[in-house]
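The lines below spell out each chain.
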Amino acid sequence: MFSLHQRSLRFLTLTLFMALLALTGCQTAPQKGLTPAQVAVLKQQGFELTDEGWAFGLSGKVLFGSDVESLNPQSTEIVQRIGKALLGVGIERVRVDGHTDASGKETYNQQLSLRRAKSVGKVLTAVGMKEENIKLQGLGSKEPVASNDTPAGRTENRRVSIVVMAD
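Residues numbered from 1 in each chain as written. Predicted model: local features only at pLDDT ≥ 70, side-chain atom pairs only at ≥ 80, totals over all residues. Heavy atoms only, no water.

Chemist: Mind showing me how you'd approach the side chain of glutamine 38 here?
Modeler: Its location among the elements puts glutamine 38 in helix α2 (residues 36–45). Given the relative accessible area of 10%, glutamine 38 is considered buried. Among the polar contacts made by the side chain of glutamine 38, one reaches the main-chain amide nitrogen of threonine 35 at a distance of 2.9 Å. Sequence-distant contacts of glutamine 38, defined by excluding residues within four places in its chain, comprise Gly33, Val89, Gly90 and Ile91. (Helix = DSSP H or I, 4+ residues; strand = E, 2+ residues; numbered from the N terminus. Buried < 20%, exposed > 50% of the residue type's maximum accessible area, 1.4 Å probe, protein only. Polar contact = N/O pair within 3.5 Å; in protein donor to acceptor, adjacent residues only side chain to side chain. Contact = heavy atoms within 4.5 Å.)

Chemist: I would appreciate a short explanation of the pairing of strand β2 (residues 53–57) in the present structure.
Modeler: The two faces of the sheet receive side chains in turn, since in a regular strand these alternate between them. Counting buried positions along β2 yields 4 of 5 residues, so the element is predominantly enclosed. In this sheet, β2 lies alongside strand β1 (residues 48–50) in antiparallel orientation, the contact comprising 3 bridges. What sits directly across from leucine 49, in β2, is tryptophan 54. Between β1 and β2, which follow one another and run antiparallel, lie 2 residues. (Pairing = 2+ DSSP bridges.)

Chemist: Honestly, the pairing of strand β4 (residues 134–138) in this entry has me stumped. Any pointers?
Modeler: Examined bridge by bridge, strand β3 (residues 94–98) and β4 share 5 bridges and lie parallel to one another. Note that in β4 the partner of valine 96 across the bridge is leucine 136. Traced from β3 through helix α4 (residues 106–126) to β4, the parallel crossover comes out right-handed. (Right-handed = clockwise from strand over helix to strand, strands pointing away.)

This is the structure in structure tokens:
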């Protein structure tokens, strides 16, 4: 038979084990992905879910003229509004993809598209997003959203996309 001391020790060990199990059951794993509130704000701001995450395409707002890398005042206000809204729901990391139309040499277009992404990144930084949390990409004319055969199509292709990764 077990002595009183052994039974007490066994009871204490079992109690501690059960308490430990209960505590680990209370812990929640860090959340992956976006919260419902974050998704609601993304939708409200005009983001759409894509294969790469939530994307806000700035085409259709005529962000950039031909061979222009700086934002016009209206586009600056849009980027400021988006940056503030993202930060307001705790979204602090984005990718900014710059694009061009197919006019000109591809090496030049790649550099121009990166400068366009940087101009959007500067506005996001100005509203409080940390520079190290903004990934910039210049994609040149590789991913057109419209035909480069028409002036209207080329205008749509001169754009920047802000992408929020879903994880």
